[in-house]
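# What the coordinates show
Residue-level listing of the chains:
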Amino acid sequence: MADYKYIQVETKDQLGLVMLNRPKVLNALNRQMVSEIVQALESFEQNDRIRVMVVYGNGRAFAAGADIDEMAVDNPVSLELLNQFTEWDRLSLLKKPVICAVHGFALGGGFELALACDLLFAAEDTKFGFPEVNLAVMPGAGGTQRLTKLIGKTLALEWLWSGEMREAGEASRLGIVNKLFPKEVLIEETIKYAQMLSKKPPLSLRLIKESVSKAVDYSLYEGMQFERKNFYLLFASEDQKEGMNAFIEKRKANFKGR
Ligand code: CAA
């Protein structure tokens, strides 16, 4: 496995786990770290043995945002030339399920990373927010877009303008968090859920993810046409035969991902 500086990577059965690992600075995301996260997820994406990926943080927080020390000296030209946000765009290209498990703080770029994943599980102690406004900047890695698509314009504006931190319970009520857990069992429960997902037919998970993503951008009619083609496509898989035969023969299905 590649040698990373700011993250730790491991596999567990059919899961690929990525742990953010700069605990002294609350996992502040410097550019190399973002690059490592994306690389690690892409290599799990290419690994046939891996079916579900999990991202979480070491220490007292998931991530307290982009690394302010690194960013403080930037100017528009250096940012344009660095073009760092294209790394974040690559997260949207991942086809396998990605679950993010957050605790402590999920702020700024850390919140954006969480929102870029497919499912968000949170410890009850998590504080969510976009404090960028207090630094006289704004979210730059999808925060204004993803938050607004999830909770609507007026709620998103209020939250982004104020820069305030909100408790996990409120984030859950707003529909941002899938599951809340006591901090002590967050990772254990997330892995349990990921294990359950890893037993599902991978091609179905993949095409469901692709179709659900289209629902955000497509009209209902276009989205339904897209969904239908994916539905038809699954009938070309061995797993479809296995799933339906297992039901008919009253046995447990064993899915191969093809
Ligand atoms: N960048 C760099 N260092 C950070 C950091 C960040 N985003 N967040 C925390 N740290 C560092 C602190 O400087 C501190 O380092 P030292 O021990 O060397 O002083 C260490 O992490 C621990 O932090 P605190 O002592 O501040 O811990 P706290 O419990 O008192 O406060 C906190 C926690 C409220 C999260 C506070 O650290 C904080 O406000 N952090 C900054 C949050 C922020 O503004 N994030 C947005 C960044 S901009 C962005 O993300 C842009 C984008 O969209 C891409």
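Residues numbered from 1 in each chain as written. Predicted model: local features only at pLDDT ≥ 70, side-chain atom pairs only at ≥ 80, totals over all residues. Heavy atoms only, no water.

This part covers the sheet that holds strand S6 (residues 119-123). Ordered in space as S1-S2-S3-S4-S6-S9, the 6 strands form an open sheet in which the pairing is mixed. Pairing within the sheet leaves two strands with one partner each, and these edge strands are strand S1 (7-12) and strand S9 (179-181). Within the sheet, the average angular offset between the axes of one strand and its neighbour, ignoring direction, is 20°. Relative to S9, S6 is paired through 3 bridges, and the arrangement is parallel. Each residue of the ladder has a partner; that of alanine 122, found in S9, is leucine 180. Contacting S1, strand S2 (15-20), strand S3 (52-57), strand S4 (98-102), S6 and S9, helix H9 (residues 186-198) runs over the sheet at an angle of about 170° to S4. (Pairing = 2+ DSSP bridges. Helix = DSSP H or I, 4+ residues; strand = E, 2+ residues; numbered from the N terminus. Axes fitted to C-alpha atoms, helices over the stretch in contact; angles between N-to-C directions. Contact = heavy atoms within 4.5 Å.)

Let us now look at the site of the ligand. Residues in contact with the ligand amount to 22 residues; listed here are only the nearest, Ala66, Ile68, Gly109, Glu112 and Glu132. Measuring from an oxygen atom of the ligand, one finds a backbone N or O atom of glycine 140 at 3.3 Å. Contact with the protein chains removes 65% of the 990 Å² of surface that the ligand exposes when unbound. Looking at the shell around the ligand, the elements with two or more residues in it are helix H2 (68-71), strand S5 (105-107) and helix H5 (109-116). Partitioned by chemical class, the residues of the shell around the ligand number 13 nonpolar, 4 polar and 5 charged. (Near = heavy atom within 4 Å. Polar contact = N/O pair within 3.5 Å; in protein donor to acceptor, adjacent residues only side chain to side chain. Areas by Shrake-Rupley, 256 points an atom, 1.4 Å probe, with all protein chains shown as cover. Nonpolar A, V, L, I, M, F, W, Y, C, P; charged D, E, K, R; others polar.)

Moving on: the sheet that holds strand S7 (residues 127-129). Taken in spatial order, the 3 strands of this open sheet run S5-S7-S8, and their pairing is mixed. Two strands bound the open sheet, and with one partner strand each, they are S5 and strand S8 (166-167). The strands touched by H5 within the sheet are S5 and S7, with S5 carrying the most contacts at an inclination of about 90°.

Bringing the environment of asparagine 75 into the picture now. Inspection of the secondary structure puts asparagine 75 in the loop between H2 and helix H3 (76-82). Here the side chain of asparagine 75 touches serine 78 through a polar contact of 2.8 Å, landing on its backbone nitrogen.

Turning to the domain arrangement of the chain, a few remarks are in order. Partitioning the chain into structural domains gives domain 1 (7-199) and domain 2 (202-249). In this structure, domain 1 and domain 2 have C-alpha centres spaced 27 Å apart. The junction of domain 1 with domain 2 conceals about 670 Å² of combined surface from both sides, 57% of it contributed by carbon and sulfur atoms. Linking domain 1 with domain 2 are 2 salt bridges, by the criterion used here. Between glutamate 210 and lysine 95 there is a salt bridge, and its shortest N-O distance comes to 3.5 Å. Grouping the constituent residues of the side of domain 1 that touches domain 2 by class yields 4 nonpolar, no polar and 5 charged. (Domains from an automatic or database assignment. Buried area = accessible area lost by both parts, 1.4 Å probe. Salt bridge = Lys/Arg side-chain N within 4 Å of Asp/Glu carboxyl O.)

Glancing now at the nonpolar core. Counting 46 residues, the largest nonpolar core has Phe62, Phe128, Leu147 and Ile176 as its most contacted members. With 7 residues, helix H1 (residues 31-46) is the single largest residue contributor to this core. Leaving out residues up to four positions away in the same chain, leucine 147 has contacts with Phe111, Leu115, Phe130, Gly142, Gly152, Ala156, Trp159, Leu160 and Ile176. Ranked by size, the runner-up nonpolar core spans 17 residues in total, among them Leu15, Tyr56, Ala101 and Leu119. (Core = buried A, V, L, I, M, F, W, Y, C linked by side-chain atoms within 4.5 Å. Buried < 20%, exposed > 50% of the residue type's maximum accessible area, 1.4 Å probe, protein only.)

According to the stated counting rule, one finds 8 aromatic pairs in the structure shown. On the basis of an interplanar angle of 20° and a centroid distance of 4.6 Å, the ring pair of phenylalanine 111 and phenylalanine 130 is categorised as stacked. Taken together, the residues span a long stretch of sequence, with phenylalanine 111 in helix H5 and phenylalanine 130 in the loop between S7 and helix H6 (143-151) at a distance of 19 residues. The class for phenylalanine 111 is buried, based on a relative accessible area of 0%. Judged by its relative accessible area of 1%, phenylalanine 130 falls in the buried class. Between phenylalanine 121 and tyrosine 193, the aromatic rings sit 5.1 Å apart at their centres with planes inclined by 85°, giving edge-to-face as the arrangement. On the criterion of sequence distance, the pair formed by phenylalanine 121 in strand S6 and tyrosine 193 in helix H9 is long-range, its members being 72 residues apart. For tyrosine 193, a relative accessible area of 22% corresponds to the partly exposed category. Members of the aromatic cluster, joined through ring pairs, are Phe111, Phe128, Phe130 and Trp159. One residue, arginine 22, lies across the ring of tyrosine 6, its end atom 5.2 Å from the ring centre. (Phe/Tyr/Trp six-rings, centres within 6.5 Å; stacked < 30°, edge-to-face > 60°. Lys NZ or Arg CZ within 6 Å of the ring centre and 35° of its normal.)

Glancing now at the pattern of salt bridges. Per the counting criterion, the structure on display carries 16 salt bridges. Here lysine 183 and aspartate 125 are joined by a salt bridge, their closest N and O atoms 3.9 Å apart. Taken together, the positions of lysine 183 in the loop between S9 and H9 and aspartate 125 in the loop between S6 and S7 put the pair 58 residues apart, joining distant regions of the chain. A residue is classified by how much of its surface remains accessible, and lysine 183, at 47% relative accessible area, is partly exposed. What makes aspartate 125 partly exposed here is its relative accessible area of 29%. Notably, a salt bridge pairs arginine 251 with glutamate 242, separated by 2.9 Å at the nearest N-O pair. A residue is classified by how much of its surface remains accessible, and arginine 251, at 37% relative accessible area, is partly exposed.

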